[in-house]
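Residues per chain are reported as follows:
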Amino acid sequence: MLLAIEQGNTNTLFAVHDGERWTAQWRAATHSNRTADEYAVWLSQLLSMAGLAIGAFDGCIISSVVPQSIFNLRNLARRYLKVEPLVVGENVDLGIPVRIDKPSEAGADRLVNAIGAHAVYPGSLIVIDSGTATTFDVIAADGGFEGGVIAPGINLSMEALHNAAAKLPRVAIQKPQRVVGTDTVVAMQSGVFWGYIALIEGLIARIKAERQEPMTVVATGGVASLFHGATTSIDHFDPDLTIRGLLEIWRRNGAASP
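First, a word on scope: everything that follows refers to the structure included in this document. (Residues numbered from 1 in each chain as written. Predicted model: local features only at pLDDT ≥ 70, side-chain atom pairs only at ≥ 80, totals over all residues. Heavy atoms only, no water.)

## Quick notes on the nonpolar core
Ranked by size, the top nonpolar core spans 26 residues in total, and within it Ile61, Val88, Leu94, Phe145 and Ile249 carry the most contacts. Looking at this core, the elements with two or more residues in it are β1 (2-7), α3 (108-118), β6 (125-130) and α6 (241-252). Here this core gets six residues from one element, more than from any other, and that element is α3. Discounting residues that sit within four places of it in the chain, Ile61 has contacts with Leu2, Leu3, Ala4, Ile5, Leu86, Val88, Leu246, Ile249 and Trp250. Counting residues in hydrophobic clusters, the runner-up holds 25 residues, among them Val138, Ile154, Met215 and Val217. (Core = buried A, V, L, I, M, F, W, Y, C linked by side-chain atoms within 4.5 Å. Buried < 20%, exposed > 50% of the residue type's maximum accessible area, 1.4 Å probe, protein only. Helix = DSSP H or I, 4+ residues; strand = E, 2+ residues; numbered from the N terminus. Contact = heavy atoms within 4.5 Å.)

Encoded structure:
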């Protein structure tokens with residue numbers, strides 16, 4: 001039994017793997033000051049609802065882009081799961097080359113995505129992760145991480161538009177029926193939605209032109225489903241990319257050992 005924790009800037013995902021398949025997944029808002037005890041109360045209730053016990057785990061792996069939260073997540077594993085967690089970026093061997101100027105600067109989430117994508121999709125890849133930021137990462141055919149592009153996320157852009165312009169309301173992100181809006185809300189939705197489609201298509205085209213090789217494009221992240229069917233530039237939508245990467249890392253680092 002494995003508990004995989006993937007913490008982004010906005011949400012934290014807790015996923016349970018029983019050795020054969022993912023049996024449960026839950027999300028919580030990311031708060032950097034949430035204590036191990038608070039995590040344990042929340043998690044134990046959800047585990048109980050799924051017929052599981054918080055002490056039933058053989059391992060735990062943590063990937064976080066919020067450094068100040070790692071201490072509490074590690075204590076959650078030690079104190080309540082009774083296991084020493086693997087922490088991406090600290091005590092794990094990823095098993096892939098990181099070919100950027102400063103490998104230590106590569107985000108844990110981007111490296112985990114690279115491993116999860118390479119485990120399933122052959123050849124060179126572009127991995128798009130749509131979250132607080134929208135990242136475009138290039139993965140070589142041998143699984144090596146070769147850098148990428150970081151842009152503001154779609155929710156961040158919408159929030160910035162509302163905060164910076166006094167007369168623009170806060171609106172929900174959705175695909176508008178037309179590009180040209182006939183009221184303020186639809187105009188904003190169109191600008192953000194179709195603007196991000198243009199961003200995705202344009203960056204994919206430029207990356208492929210620069211690399212001069214066939215590349216498969218895989219999209220993941222909480223917002224990626226919004227773009228499903230809106231562009232032909234994305235080959236696969238894979239919501240489980242990150243937790244698959246965490247499972248692969250756990251297996252590469254002595255998963256059989258308690």
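## A few points about the packing of α3 against α6
For the pair α3 and α6, the least separation of the axes is 7 Å and the interaxial angle reads 85°. On the basis of the axis angle, α3 is roughly perpendicular to α6. Only Leu241, Thr242, Arg244, Gly245, Leu246, Glu248, Ile249 and Arg252 of α6 make contact with α3, whose side of the interface consists of Val112, Asn113, Ile115, Gly116 and Ala117. Residues of the contact of α3 with α6, tallied by class, amount to six nonpolar, four polar and three charged. (Axes fitted to C-alpha atoms, helices over the stretch in contact; angles between N-to-C directions. Parallel < 35°, antiparallel > 145°, perpendicular 65-115°, else oblique. Nonpolar A, V, L, I, M, F, W, Y, C, P; charged D, E, K, R; others polar.)

## Digging into the side chain of Ser190
Residue placement: Ser190 occurs in helix α5 (residues 184-211). Residue class for Ser190 comes out buried when judged on its relative accessible area of 4%. If we ignore the near neighbours within four places in the chain, the residues touching Ser190 are Pro176, Arg178, Val179, Val180 and Gly195.

## Description of the packing of aromatic side chains
Per the stated rule, a full pass over the model turns up four aromatic pairs. Aromatic side chains Phe193 and Trp194 sit 4.9 Å apart centroid to centroid with 90° between the ring planes, which places their arrangement in the edge-to-face category. Here the aromatic residues Phe14, Tyr39 and Trp42 are joined through ring pairs into a cluster of three or more. (Phe/Tyr/Trp six-rings, centres within 6.5 Å; stacked < 30°, edge-to-face > 60°.)

## Some remarks on the pattern of salt bridges
Oppositely charged side chains may form a pair once their charged atoms are brought near each other. Following the criterion strictly, the structure yields 11 salt bridges and no others. A salt bridge links Asp37 to Arg79; its shortest N-O distance comes to 2.9 Å. Pair noted here: Asp37 is in helix α1 (residues 36-49) and Arg79 is in helix α2 (residues 67-81), with a separation of 42 residues, a long-range link. For Arg78, the salt bridge is made with Glu84, and the minimal N-O distance between the two is 2.9 Å. A residue is classified by how much of its surface remains accessible, and Arg78, at 41% relative accessible area, is partly exposed. A relative accessible area of 48% places Glu84 in the partly exposed class. (Salt bridge = Lys/Arg side-chain N within 4 Å of Asp/Glu carboxyl O.)

## Some words on the pairing of β6
Across a regular strand the side chains alternate sides, sitting on one face of the sheet and then on the other. Along β6, six of the six residues are buried, which leaves the element largely enclosed by surrounding structure. Neither face of β6 is left uncovered, since the one carrying Leu125, Val127 and Asp129 and the one carrying Ile126, Ile128 and Ser130 both have all their residues buried. With six bridges joining them, β6 and strand β7 (residues 133-139) adopt antiparallel strand pairing. Its bridge partner being in β7, Ile128 is matched across the sheet by Phe136. Connecting the antiparallel pair β6 and β7 is a turn made up of two residues. Note: β6 against strand β9 (residues 216-220), five bridges, orientation parallel. In the sheet register, Ile128 faces β9, and the bridge partner there is Ala219. (Pairing = 2+ DSSP bridges.)

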